[in-house]
Every structure is written in structure tokens, then in C-alpha cells.
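Listed below, chain by chain, are the residues.
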Amino acid sequence: MIRFFILFLLSTSLFSAQVERDRWDNAQTYLDFLQNNELPIKELYYNLDKDDQRLTEEMRAGIHYQVVKDNNETIEQILLPLNDELQIHIYKDKNKYQFEAIPIISTTKTEAFYTTITSSPNYNILKETGSKKLAQIFVASFKHSLNFKNDIRKGDQLVMIYDQKYRLGEPFSMPTLKVAMIEMHHKQHFIYLNSDDRYYDEKAHEVEGFLLARPVRGARISSYFTKRRWHPVLHKWKAHLGVDYAARRGTPVIAAGRGTIIWASRLGSYGNLIKIRHADGYETRYAHLKSFRRGIRRGKRIKKGQTIGYVGSTGRSTGPHLHFELRKRGRAVNPLRVVQVTTKKLKGKEKKAFLLLKKNYDQSVALHLNNKTPYNKRPPFEPIGYIHFLQGKTNG
Ligand SMILES: [Zn+2]
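S.K.: Before we go on, may I ask you to explain the coordination of the zinc ion in this structure?
M.R.: Each pair of donors in an ideal octahedron of six around a metal sits at 90 or 180 degrees, and each pair in an ideal tetrahedron of four sits at 109.5 degrees. Within the protein, His240 (NE2), Asp244 (OD), Asp244 (OD) and His323 (ND1) serve as the donor atoms for the zinc ion, at 2.0 to 2.8 Å. Taken together, the four donor atoms coordinating the zinc ion span angles of 51 to 152 degrees at the metal, a pattern that classifies the geometry as irregular.

Right, here's the structure in full:
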């Protein structure tokens, strides 16, 4: 059985339900949220299976969520986005509240803007767009190649082309940088997103970023990262916010990068867990460990490649493996995107394909530079009513 979810957007005049949009509070937990809204904690938390309970811990401060109320101010539905693909859907069915995880329906737009620098790229992007995320992404992309502090002059210019996801008419999730160009001393510097999902400079050299070592040497990956997947046996949507490495019990687990241990103890379904904080808002997590290496404790500084613990099966685990997570400012990201040994230089066919892609991007950048394309400010959010249809369909 496969279920299809369709969201229809209608204007409020056609439909009586009212949608309220809110921001998830800094200190608010999912349980606080249920309590504050007088929602049944037993049905919507304690009766859930462990995986769904884990999902509820994924709510992050600042996330926009929607609440649909009827004319008597009774909550009919709630949508809580967990990442850019999966959301919690709480809804009233025959006077009982139900919980489910469902895919997020979103559209992606490619956007671009130009700006002149009066102070710093960070300052001027923020001033132009109002978006901290765009400023962050731009600055991070040139972090290892340019020195903005020393080399920027007033009047230098930049262009940024990126993909932005929209959900219910609102931008959400981290934008994906496609091209960044900054002109300093009349010389243009570029960063491009290639079709292999990695970033390269104009010479087809991979841009050095935050690189991680594989946390278990030589181990096979038994489960990949996914923000949402349909579980064919349990008939529900789940997420696997890490990578599983299958390995024998007792195999050494090494730190994927330099950092500081911020957790080395048991934690619920994670079992024995180590968390390491790295530079730039990154954090790695190593779960289901049999044991910790001697001397591994909170506050300890760790080098990349240092043994920190041993593969086990503690917590909610069906057999010995390492569950490895990478978080960037709290959000789960795919660790395999940054797990690698050396940076790459494109050659041959790969380089040819990249140069073609680069040529198209360069033309777009030149156009935006020439037009001085301003950032497209969106109209403010209008409350909209909508119906959420749930169709069941049997798949032979
Ligand atoms: Zn796992």
C-alpha cells in the first residue's frame, strides 16, 4: 500500500479553516509544545514507537510551522517540518488526535542577486537580502581561498546564484549555492557547484572544505543518510539522519575530525554516544558504542583519526554497527558529502563536462553583473487556508 499526500492551497474565502504560522521557540521541546496547546501527550508522544519519538526531537529553533484551527479555535491540523523533506503531521480524526510523518511538498526556485561592497561581503549580503543564511554560505565558500578582511575594497562587487526551496509559499531550509563570484581588485573569483555535488574553483580544483575521515576504517556502509524514506514493512515514513557502518563488535571508532568531546555517555536510543564539536558549527555523533576509550570524557580535545570508542550495539540497535551523524548548527546533514581523503582535481571527461557547466554559469553571472540584479524581496506572508487530502491506494 502506498499513500499519496496532496496539499491543495485555497484562498481563505473559499474555506473556513484558518492557518496560523508560528516560529518554533528556542527552548521549546515537542512535549512543551503539546502541553502549551493542550494536546494529548499520551497519544502524540508516549504511544509512538521509538523512531517517531526520535523524530520529535528534530524540531529546531526558528523553524516556521503551521497550525490549522476551526472557527471555534480548536486545532484541526499541525505541520511541523523536521528537515527539508519530512514533517510531522498532527491531525484530528473522529475527535482523536493522530500522529504521522509525511513528506514535505516543496518547490525549488533558482534565484540570483548582485551587490556592491561598502563594508564586507557578510554585511552587504545581509543588507541586500536580509538573509543570514545567504551571507553565511557566501563567506564560507571562499573561506579557504580568499582573505576578505585584507583584500576587499569599497566598490568590489559580487553575484550569487542559488536554489531556494519554498514550502507553502515561504522560503525554508538552507539555500544551495550554485555559483558565487566576487570581484576584487578587478579580478573575478568563482566557486561552482558541479554535477557531482561538490564545489570547484575556475581551475576545476575542488574547493577545500570541512573534510572528515571515515569513522571506522575499512567498514562497509549498511545504511545511508536519508531525510525521508518509505518503510515498506511498517508502512510509514521515516528518516535515517546518519550513516551506518557495519563492523565487528569492538572495532575501533575514530574521531572523524579535530574537535572537543561534548558528550560521552548513554543517551536514549543512541545507546553509548560520543558527540564531538568541530569548527564552523559542525558536530559529529558516534552511537551504539560498546564502550568508550579510556580517558574519553566531556571537554577533552581530540585529533582527527584518534580512537575514541569501540563498535557495539547499545541503545536501539539490531546488531553491532556504528551509527554516525554529522550536524551543522544542529541540523542533520549527509556525512558522506564531506567524508573524503583528498581534494579532487577534475580531469579528462569530467573536466570537459565541468567546463561546459562553468561556461553557462559564467554567462549568467556576467548578465547579473551587467544588470546589477537586485535581490527579489518577497511579499509578506498571507494567511491561507488549505485542505490536506489523504488518499489511500492499493499497489498490486
Ligand atoms: Zn543508523
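S.K.: Please clarify how the layout of surface pockets should be interpreted in this entry.
M.R.: Once rolled over the atoms, a probe with the size of a water molecule shows which space is left empty. Within this model, the second largest pocket holds a volume of roughly 730 Å³. Surrounding the second largest pocket, 27 residues form its lining, Asp51, His240, Asp244, Arg316 and His323 being those nearest its centre. At the level of secondary structure, the elements contributing two or more residues to the lining of the second largest pocket comprise helix 3 (50-56), strand 12 (220-223), strand 13 (226-231), strand 14 (236-240), strand 15 (243-246), strand 19 (282-289) and strand 23 (321-328).

S.K.: Would you take a moment to explain unusual backbone geometry for this structure?
M.R.: Residues apart from glycine generally show negative phi values, whereas peptide bonds are mostly found in trans. Positive phi is not limited to glycine here, since histidine 186 has a value of about 65 degrees. You can see histidine 186 is positioned in the loop between strand 9 (170-184) and strand 10 (187-193). Residue classification places histidine 186 among the exposed positions, given a relative accessible area of 77%. Backbone geometry places histidine 235, a non-glycine residue, at a positive phi of 55 degrees. In this structure, histidine 235 sits in the loop between strand 13 and strand 14. Given a relative accessible area of 37%, histidine 235 falls into the partly exposed group.

S.K.: Would you explain the sheet that holds strand 16 (residues 252-254) in this entry?
M.R.: In any sheet, the strands associate via hydrogen bonds between backbone groups, in a parallel or an antiparallel arrangement. The three strands lie next to each other as 16-22-20, forming an open sheet whose pairing is antiparallel. Every interior strand has two partners, whereas the edge strands, strand 16 and strand 20 (291-292), have only one. Looking at chain direction, strand 16 and strand 22 (residues 307-310) are connected through three bridges and run antiparallel. Paired with proline 252 across the bridge in strand 22 is tyrosine 310.

S.K.: Any chance you could explain the sheet that holds strand 9 here in plain terms?
M.R.: Taken together, the five strands give an open sheet; going across it, the order is 7-8-9-10-11, and neighbouring strands pair in antiparallel fashion. The open sheet has two edge strands, strand 7 (107-116) and strand 11 (199-200), and neither has a second partner. Taken together, the six bridges between strand 9 and strand 10 define a ladder with antiparallel strand orientation. Of the residues in strand 10, the one forming a bridge with valine 179 is tyrosine 192. Along the sheet, helix 4 (residues 121-129) contacts strand 7, strand 8 (157-167) and strand 9; its crossing angle with strand 7, the most-contacted strand, is approximately 120 degrees. Here helix 5 (residues 132-141) sits on the sheet in contact with strand 7, strand 8, strand 9 and strand 10, set at roughly 40 degrees to strand 9.

Cut-offs used in this document
Residues numbered from 1 in each chain as written. Predicted model: local features only at pLDDT ≥ 70, side-chain atom pairs only at ≥ 80, totals over all residues. Heavy atoms only, no water. Donors = N, O, S within 2.8 Å, 3.2 Å for Na, K, Ca; no water. Tetrahedral: all angles 85-135°; square planar, octahedral: opposite > 155°, others 65-115°. 1 Å grid on protein atoms, 1.4 Å probe; cavity = no way out; pocket = protein on both sides within 12 Å on 5 of 7 lines; lining within 4 Å. Points joined across faces, edges and corners; volume = space filled by probe spheres on them. Helix = DSSP H or I, 4+ residues; strand = E, 2+ residues; numbered from the N terminus. Buried < 20%, exposed > 50% of the residue type's maximum accessible area, 1.4 Å probe, protein only. Pairing = 2+ DSSP bridges. Contact = heavy atoms within 4.5 Å. Axes fitted to C-alpha atoms, helices over the stretch in contact; angles between N-to-C directions.

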